[in-house]
Amino acid sequence: NGIHLHIPNLEEIINIFKNKTAAAFKVSLLLGAAAAGADEASLKKLECFSNNIGIAYQIKDDLQDYKDHQGNIDLKKPSILLSLLIEMITEEEETLLKEAFIHNHQETITTLFSNYLVHQETEKLLKVYIDKSKKSLEDFQNIGLKLALHEILGKIFKDYL
């Protein structure tokens, strides 16, 4: 039925995001910066920024999917919301969750999400990664690029700033 029974834990899903979306940000930013002659320190800051904005972007995407599906979760793909939930629930609830997964019982999952305020916890985590993105630009010397990257953060995450 295409449903994965392994729900990645938080560390695993963050690594998925790093290798997926963050990598795309990293390639484009670092290639451009290297071509423009950026120094090693700037490249390191841009790499840090890329990791954090990539993770934040993917968290936002999962939140948006959740909202678009009126609180239902697409069980065919990993979601940060499920990964956060797995970190919070008891073993008994984890068994319930996995059964809900197998039988596609959205109500069980929705109830667990509600009980553990998963939506709010996910938004908190998103804000952590937005802040990390901003912090990685604090000492950035190229003012023009720094402003452009802050503007990108503002456009992408306007609903969360």
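Quick note: structure is the one above.
Keep in mind that what you see is a predicted model, and the values were worked out from it rather than measured.

Engineer: What's the story with the overall build of the protein in this structure? I'm lost.
Structural biologist: Scanning the protein for helices and strands turns up seven helices and zero strands. If you list the helices and strands of the protein from N to C, you get α-α-α-α-α-α-α. Referenced to the eigenvectors of the C-alpha coordinate spread, the extents of the protein come out at roughly 55 × 25 × 25 Å. Taking all 161 residues of the protein together, 39% fall into the buried category. In the protein, of all internal contacts separated by at least 6 residues, the share reaching a separation of at least 24 is 73%. For the protein, the exposed area adds up to about 9000 Å²; of that, 54% sits on carbon and sulfur atoms. One finds the centroid of the 18 positive side-chain charges in the protein at a distance of 8 Å from the centroid of its 24 negative side-chain charges.

Engineer: Just to check I follow, could you spell out the nonpolar core for this structure?
Structural biologist: Ranked by size, the top nonpolar core spans 43 residues in total, and within it Ile59, Leu97, Ile109 and Phe113 carry the most contacts. Top element by residues in this core is helix α2 (residues 40-68). It accounts for nine residues. In this structure, Ile59 is in contact with Phe17, Ile80, Thr122, Leu125, Leu126 and Tyr129, ignoring residues within four places of it in sequence.

Engineer: Can you walk me through the packing of aromatic side chains in this structure?
Structural biologist: For any two aromatic rings, the description comes down to two numbers: the centre-to-centre distance and the angle of the planes. This model, assessed by the stated rule, comprises two aromatic pairs. Each ring, one from Phe25 and one from Tyr57, has its centre 6.1 Å from the other, and the planes form 65°; the classification is edge-to-face. Placement of Phe25 in helix α1 (residues 10-35) and of Tyr57 in helix α2 is noted, with a sequence separation of 32 residues between them. Since its relative accessible area comes to 34%, Tyr57 is described here as partly exposed. When the ring of Tyr66 is compared with that of Phe113, the centres are 5.4 Å apart and the planes differ by 50°; the resulting orientation is tilted. With a gap of 47 residues between them, Tyr66 in helix α2 and Phe113 in helix α5 (residues 106-115) connect regions that are remote in the sequence.

Engineer: Please clarify how α5 should be interpreted in this entry.
Structural biologist: Every buried residue of α5 is accounted for by Gln106, Ile109, Leu112 and Phe113. All buried residues of α5 project into a common sector of 130° when viewed along the axis, lining one side. In α5, the exposed positions that point more than 90 degrees away from the buried face belong to Glu107 and Asn115. Contact partners of the buried residues in α5: α2, α3 (80-88), α4 (91-103) and α6 (118-135). Within two residues after α5, Leu117 carries a phi angle of roughly 50°, on the positive side.

Rules behind the numbers
- Residues numbered from 1 in each chain as written.
- Predicted model: local features only at pLDDT ≥ 70, side-chain atom pairs only at ≥ 80, totals over all residues.
- Heavy atoms only, no water.
- Helix = DSSP H or I, 4+ residues; strand = E, 2+ residues; numbered from the N terminus.
- Buried < 20%, exposed > 50% of the residue type's maximum accessible area, 1.4 Å probe, protein only.
- Contact = heavy atoms within 4.5 Å.
- Areas by Shrake-Rupley, 256 points an atom, 1.4 Å probe, with all protein chains shown as cover.
- Lys, Arg positive; Asp, Glu negative; His and termini not counted.
- Charge placed at Lys NZ, Arg CZ, Asp CG, Glu CD.
- Core = buried A, V, L, I, M, F, W, Y, C linked by side-chain atoms within 4.5 Å.
- Phe/Tyr/Trp six-rings, centres within 6.5 Å; stacked < 30°, edge-to-face > 60°.
- Arc of directions from axis to C-beta.

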